[in-house]
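Observations on the three-dimensional arrangement
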Amino acid sequence: MIRMILMGPPGTGKGTQAKLLSEKYKVPQISTGDMLRKAVEEKTKLGLEAKGLMDAGKYVPDSLIMGIVKERLALQDCRTGFILDGVPRTLPQAEALKAITKIDMVMELQTADDAIVKRLSSRRQCRACNAIYGVELKPRKKGVCDKDGSPLFQRDDDKEETVRKRLQVYHEKTKPLLDVYQKQGLLVIVNGEEPIQHIFANISAVLGQKGLV
Ligand code: AMP
């Protein structure tokens, strides 16, 4: 049973690691960013409310986020665990989450701001399956997903100015959560600047040590 939260600044590789973990340990990845992008694309009420905030690098209101997370965690596939990717991001979200479920571990992928800016400017994502490509993991054919042949796109919020804004918001609103989880004895820090497979091996080793897998 893995009930974990992946934390770290935007572009630290949470999505990439969450996908690898999800495949290996057969637990769902719950990415509020992916859920919101889908809502934006489908022009739902939630999507319409979220779009402007996301494009500006700002956070979507806590109540909207925790509404979709609560619904998602209630689904059958979360009964044997889940990987929360990009949520909680504020103290009220963490409080709300506590009332929904127990958490076994919080992992921070630590990456310096300068490395993030470099990384995000080359990041591309698949429209269909949300697979992520970048400097290290390039698609075999430029602009096309290896998995399903769908076109890759650059997220509007991966432009440098928005990335800097997102980092500022992360430092201000999300970093304080790390202290909270540290005090609860749940926080484990992993270096997010290593190659993808090293990070994955480190995370897997921690899960083993903690008896979660
Ligand atoms: P991400 O893909 O996790 O970087 O999320 C992309 C954008 O979606 C963020 O910059 C926020 O605008 C919004 N978002 C995603 N998750 C949350 C969250 N937990 N709280 C507030 N806003 C969020």
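On a predicted model such as this, the values are computed, not experimentally measured, just so you know. (Residues numbered from 1 in each chain as written. Predicted model: local features only at pLDDT ≥ 70, side-chain atom pairs only at ≥ 80, totals over all residues. Heavy atoms only, no water.)

1. Considerations on empty space enclosed by the protein
Here the structure, examined in full by the defined rule, presents one cavity of 30 Å³ or more. The space that makes up the largest cavity amounts to roughly 60 Å³. Taken together, the elements giving at least two residues each to the lining of the largest cavity come down to strand 1 (2–7) and helix 7 (160–183). In terms of residue class, the lining of the largest cavity is built from eight nonpolar, three polar and two charged. (1 Å grid on protein atoms, 1.4 Å probe; cavity = no way out; pocket = protein on both sides within 12 Å on 5 of 7 lines; lining within 4 Å. Points joined across faces, edges and corners; volume = space filled by probe spheres on them. Helix = DSSP H or I, 4+ residues; strand = E, 2+ residues; numbered from the N terminus. Nonpolar A, V, L, I, M, F, W, Y, C, P; charged D, E, K, R; others polar.)

2. Some words on unusual backbone geometry
Here the bond from Val-87 into Pro-88 is cis, since omega is 0 degrees, no more than 30 degrees from zero. Note that Pro-88 resides in the loop between strand 3 (81–85) and helix 5 (91–100). For Lys-26, which is not glycine, the phi torsion reads 55 degrees and is therefore positive. For Lys-26, the position within the fold is in the loop between helix 1 (14–25) and strand 2 (29–31). Positive phi is not limited to glycine here, since Asn-130 has a value of about 70 degrees. Relative to the helices and strands, Asn-130 resides in the loop between strand 5 (124–126) and strand 6 (132–133).

3. Section: the packing of aromatic side chains
Summed over the entire model, instances satisfying the criterion amount to zero aromatic pairs. Taking the ring centre of Phe-153 as reference, the NZ or CZ of Arg-127 above it sits at 4.2 Å. (Phe/Tyr/Trp six-rings, centres within 6.5 Å; stacked < 30°, edge-to-face > 60°. Lys NZ or Arg CZ within 6 Å of the ring centre and 35° of its normal.)

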